[in-house]
Amino acid sequence: MMKVKEFINDEYLAEDKLLRAVESFNVDYCLALDEGRLYDWEKFFTEDCLYIILARENFDAGLPVGLVYCEGKAMIQDRATTILETSMFAPRYLRHFVTNTFVRPSEDGEIHAGANYQLTQVLMDKPAATLHQVGRYVDRFVLEDGALKLRERRCVYDNLLLENSLVYPV
Amino acid sequence: MMKVKEFINDEYLAEDKLLRAVESFNVDYCLALDEGRLYDWEKFFTEDCLYIILARENFDAGLPVGLVYCEGKAMIQDRATTILETSMFAPRYLRHFVTNTFVRPSEDGEIHAGANYQLTQVLMDKPAATLHQVGRYVDRFVLEDGALKLRERRCVYDNLLLENSLVYPV
Amino acid sequence: MMKVKEFINDEYLAEDKLLRAVESFNVDYCLALDEGRLYDWEKFFTEDCLYIILARENFDAGLPVGLVYCEGKAMIQDRATTILETSMFAPRYLRHFVTNTFVRPSEDGEIHAGANYQLTQVLMDKPAATLHQVGRYVDRFVLEDGALKLRERRCVYDNLLLENSLVYPV
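Worth saying up front: this structure is predicted, and the values here are computed from it rather than measured. (Residues numbered from 1 in each chain as written. Chains lettered and ligands numbered in written order. Predicted model: local features only at pLDDT ≥ 70, side-chain atom pairs only at ≥ 80, totals over all residues. Heavy atoms only, no water.)

Chemist: Teacher, can you tell me more about the confidence of the model for chain A here?
Modeler: Low-pLDDT portions of the prediction should not be read for the details of their coordinates. With 92% of its residues at a pLDDT of 70 or more, chain A shows a mean pLDDT of 90. Two numbers describe this predicted complex: its pTM, 0.93, and its ipTM, 0.92. (pLDDT = per-residue confidence, 0-100.)

As structure tokens, this is what we get:
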């Protein structure tokens, strides 16, 4: 085991702690969405945030337009209010599964991170659980008052078509 | 990186170690079930344990009844014996995928924890792998003789209907 | 929390660091495949590696034959070149989800490890994301020049049949 211990040095551990913090952030983020607490959603973002749900084809081609496009926390709040107070849609259960998380610390103080996600859905009139959306988070985090916040989150989905409509955030 | 290092303090690390222990517990737990070692299943529980598989609708409404309801380790043993020795069912492959794990240490010595799970299934006469059950573990752990044990595990599933029957534990 | 702190001792931490290193390896490995960087695929293996994709039924019976069978890094390179330069197949998006990772350090310097994986697929003429392959990695790692390398990776899949053909590695 000695060779292994040498391999796992302090530099490795510094990155590992940051990775764990990002994983923990994503657990809290997904729990809020899965439990329908959309008014808590904004607290994961900075004031000047960018939140986009877009197709992998567009992302790969460098095209910005997405299914959902929020510039700034006010648009996040607006979307949460719209969903909870005014939208009409069939009831459903959602659940996020986040794996393959990584971080890439940069010199500019931002933390570049990524992860793969699955969003499963159960509609009240279709009893099976389905893979509603599969993709990856492309994120930039910053530290604000000692806590991680999303300055940018791009949800890049592989699906060519989303069965039924996309109502809740990803 | 300095700001990040300050952020990752000792308190964070204490919780992180506990989280890793729970994740490791779940890996062992799922491996026993996926390999069909049901006689090992009981060793993950305390004598006075509670193990329930119930619908999300019932859980959210505070209703206790579930598909499977075991009070105490003897009922866990009984169920394992029933499945392995007396039940008739179509052969199948199962596999657990556990993500989004978190812990909430409490003052009373119990460790409240949770995670999202997917249970995939392959039936011998239907060659595709399907999402058999999607849900979350709602757990209470205690330490017994230096090892984590489940005092309570609730498997709260999102599916409204489980395709085919539920045979093995979750 | 005192009991918990005693429980999480140095021995636990040494294994935990190794586990994190394997998880990080798998994230990089899957990212290379998901992004189609197949020429990077070989760098994850030793010269004398073994890479096999085989059915769970064969694995359980101790039978070696698989869908894909590569002995040595040259066969890995050959396969990558074949896929990228000469094969004809329908375009598709793939994504790996790796969970339930564990390590079992051994006395011989090899690191035995395992994990569960899902490989999701989106075909350009079938818009939904599907569970293309579900299974587990059965791995043996070694340390080469301070980095983990796969001496053996067996991708043991549960599916009885893979929808459409298997083109890319797992």
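Text resumes after the structure shown.
Chemist: Where do I start with the interface of chain B and chain C in this structure?
Modeler: Quite often, the size of an interface is put as the accessible area lost when its parts meet. Chain B puts 33 residues into the contact, and the matching count from chain C is 30 residues. Roughly 2,700 Å² is buried in total at the junction of chain B and chain C, and carbon and sulfur atoms are behind 62% of that figure. Looking only at chain B, the three residues that lose the most surface to chain C are B:Arg20, B:Tyr93 and B:Arg95, adding up to 27% of its buried area. Here chain B and chain C share four salt bridges between them. (Contact = heavy atoms within 4.5 Å. Buried area = accessible area lost by both parts, 1.4 Å probe. Salt bridge = Lys/Arg side-chain N within 4 Å of Asp/Glu carboxyl O.)

Chemist: What's the story with the side chain of B:Gln133 in this structure? I'm lost.
Modeler: All names here are of chain B. Tracing the sequence through the fold places Gln133 in strand β5 (residues 126–144). Overall, Gln133 belongs to the buried group, its relative accessible area being 0%. Separated by 2.6 Å, the side chains of Gln133 and Tyr117 make a polar contact. Among residues more than four places away in sequence, those in contact with Gln133 are Ile53, Tyr117, Gln118, Leu119, Tyr157, Asn159, Leu162, Leu166 and Val170. (Helix = DSSP H or I, 4+ residues; strand = E, 2+ residues; numbered from the N terminus. Buried < 20%, exposed > 50% of the residue type's maximum accessible area, 1.4 Å probe, protein only. Polar contact = N/O pair within 3.5 Å; in protein donor to acceptor, adjacent residues only side chain to side chain.)

Chemist: Quick question: what am I supposed to make of the relation of the copies chain A and chain C here?
Modeler: Relating the two copies of this chain is a rotation about some axis coupled with a shift parallel to it. When chain A is fitted onto chain C, the two copies agree to an RMSD of 0.0 Å after a turn of 120° and an axial shift of 0.0 Å. Both chain copies can therefore be described as sitting about a three-fold axis. Every residue of chain A has its C-alpha some distance from the rotation axis, and the shortest such distance is that of A:Thr99, at 3.9 Å. Looking at chain A, a mere 13% of its interface residues are interface residues in chain C too, so the copies touch through different faces. (Least-squares fit on C-alpha atoms with pLDDT ≥ 70 in both.)

Chemist: Is there a simple way to think about the pattern of salt bridges in this case?
Modeler: When their charged atoms lie close together, side chains carrying opposite charge are able to pair. Residue and element names in this part refer to chain A. This model, assessed by the stated rule, comprises 39 salt bridges over all chains. For the salt bridge of Asp158 with Arg56, the shortest nitrogen-to-oxygen distance reads 3.1 Å. Placement of the pair is Asp158 in the segment after β6 (147–157) and Arg56 in helix α3 (residues 56–60), with a sequence separation of 102 residues. Judged by its relative accessible area of 1%, Asp158 falls in the buried class.

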